[in-house]
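Listed here are the chains, written in short residue letters.
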Amino acid sequence: MSREKYPRFPLFLSLCGREILIVGAGNIAVRRAGILLPFGCSIRMCAPEREDELKEPLRGWILDGKVRYESRRFEKDVLTGREFLVFAATDESETNAEIVQICRGKGILVNNASDASVCDFFFPSVLRDEEIVIGIAGDGSDHRKVKQIRKKIQDMLKGEKRPK
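Keep in mind the model is a prediction, meaning the values are calculated, not measured. (Residues numbered from 1 in each chain as written. Predicted model: local features only at pLDDT ≥ 70, side-chain atom pairs only at ≥ 80, totals over all residues. Heavy atoms only, no water.)

## Things to note about the overall build of the protein
Link 1 in the chain: Within the protein, the secondary structure is distributed over 4 helices and 7 strands.
Link 2 in the chain: Ordered by position from the N terminus, the helices and strands of the protein form the series β-α-β-α-β-β-α-β-β-β-α.
Link 3 in the chain: Taking 164 residues into account, the globule formula puts the C-alpha radius of gyration at 15 Å, and the protein, at 17 Å, falls close to it.
Link 4 in the chain: Seen along its three principal axes, the alpha-carbon backbone of the protein occupies a region of about 55 × 45 × 25 Å.
Link 5 in the chain: Each of the 164 residues in the protein was classed as buried or not, and the buried ones make up 35%. (Helix = DSSP H or I, 4+ residues; strand = E, 2+ residues; numbered from the N terminus. Rg over C-alpha atoms; globule rule 2.2 N^0.38 Å. Buried < 20%, exposed > 50% of the residue type's maximum accessible area, 1.4 Å probe, protein only.)

Below you can see the structure in the form of structure tokens.
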């Protein structure tokens, strides 16, 4: 069954106390971590870069204890079995594919940043406004359109806060 034939189902999950593994420490991995942090999950990141080579804000999150970091290349034993979600966000498509394969074998939901066609879940554009969380996702073909819609909704929410 082809995954591309079907639309994506929106699902909001409680991540509170859940283990999230992000493999990689580049821009995409850091963006994912930054969006996930306020949702109460336990974030562990693994990448070959030494901690002193990492950029902000990741270095700060590590120093503040918000993210646990392992300076090592991905190997099968990085997966502990406690992971609720795994993000394969390295700059190596072969490594990302290996992560997907291993996670599937262990029944762990996985997102491959370099190949949407093999993702078990998709990372939406997230908009948080006080007690409201809005997730916006497209079919992967037009990221610019998703961003434009997110901006329109954000502007609309800002407009509601203006004094009447």
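Now that the structure has been shown, the text picks up again.
## With respect to the nonpolar core
Link 1 in the chain: One finds Ile20, Ile22, Leu36, Ile43, Met45 and Leu58 to be the most contacted residues of the largest nonpolar core, which totals 24 residues.
Link 2 in the chain: Ranked by residue count, the leading element in this core is helix α1 (residues 27–36), at 4 residues.
Link 3 in the chain: Filtering out sequence-adjacent residues up to four positions away, Met45 remains in contact with Ile22, Gly24, Ala25, Ala29, Val30, Ala33, Leu58, Val67, Arg68, Tyr69 and Glu70. (Core = buried A, V, L, I, M, F, W, Y, C linked by side-chain atoms within 4.5 Å. Contact = heavy atoms within 4.5 Å.)

## What to know about the pattern of salt bridges
Link 1 in the chain: For the structure shown, the criterion picks out 11 salt bridges.
Link 2 in the chain: Arg104 serves as the salt-bridge partner of Asp120, at 2.9 Å between the closest nitrogen and oxygen. Of the two residues, Asp120 sits in the loop between β5 (109–112) and β6 (125–129) while Arg104 sits in helix α3 (residues 93–106), which places them 16 residues apart along the sequence.
Link 3 in the chain: The partly exposed category is assigned to Asp120, whose relative accessible area is 27%.
Link 4 in the chain: A single salt-bridge network, built from bridges that share partners, covers Glu19, Arg44, Arg68, Glu70, Arg72, Asp77 and Glu83. (Salt bridge = Lys/Arg side-chain N within 4 Å of Asp/Glu carboxyl O.)

## Thoughts on a nonpolar patch on the surface
Link 1 in the chain: Judged by side-chain polarity, Phe9, Leu11 and Leu13 come together as a nonpolar surface patch covering roughly 360 Å² of accessible area.
Link 2 in the chain: Classification of Leu11 by relative accessible area gives exposed; the value is 57%. (Patch = residues over 30% accessible without salt bridge, like charges linked within 9 Å, V, L, I, M, F, W, Y side chains within 5 Å. Areas by Shrake-Rupley, 256 points an atom, 1.4 Å probe, with all protein chains shown as cover.)

## Some thoughts on the side chain of Glu83
Link 1 in the chain: By the element assignment, Glu83 lies in strand β4 (residues 83–88).
Link 2 in the chain: A polar side-chain atom of Glu83 sits 2.5 Å from a polar atom in the side chain of Arg44.
Link 3 in the chain: When near neighbours in sequence (up to four residues on either side) are disregarded, Glu83 contacts Glu19, Leu21, Arg44, Val78 and Ile108. (Polar contact = N/O pair within 3.5 Å; in protein donor to acceptor, adjacent residues only side chain to side chain.)

## Quick word on the sheet that holds strand β3 (residues 67–71)
Link 1 in the chain: One open sheet accounts for 5 strands, arranged β3-β2-β1-β4-β5; its pairing is parallel. What marks the edges here is a single partner per strand, and that holds for β3 and β5. Taken pair by pair, the neighbouring strands of this sheet meet at an average axis angle of 20°, ignoring direction.
Link 2 in the chain: As paired strands, strand β1 (residues 19–23) and β4 are joined by 5 bridges and run parallel to one another. (Pairing = 2+ DSSP bridges. Axes fitted to C-alpha atoms, helices over the stretch in contact; angles between N-to-C directions.)

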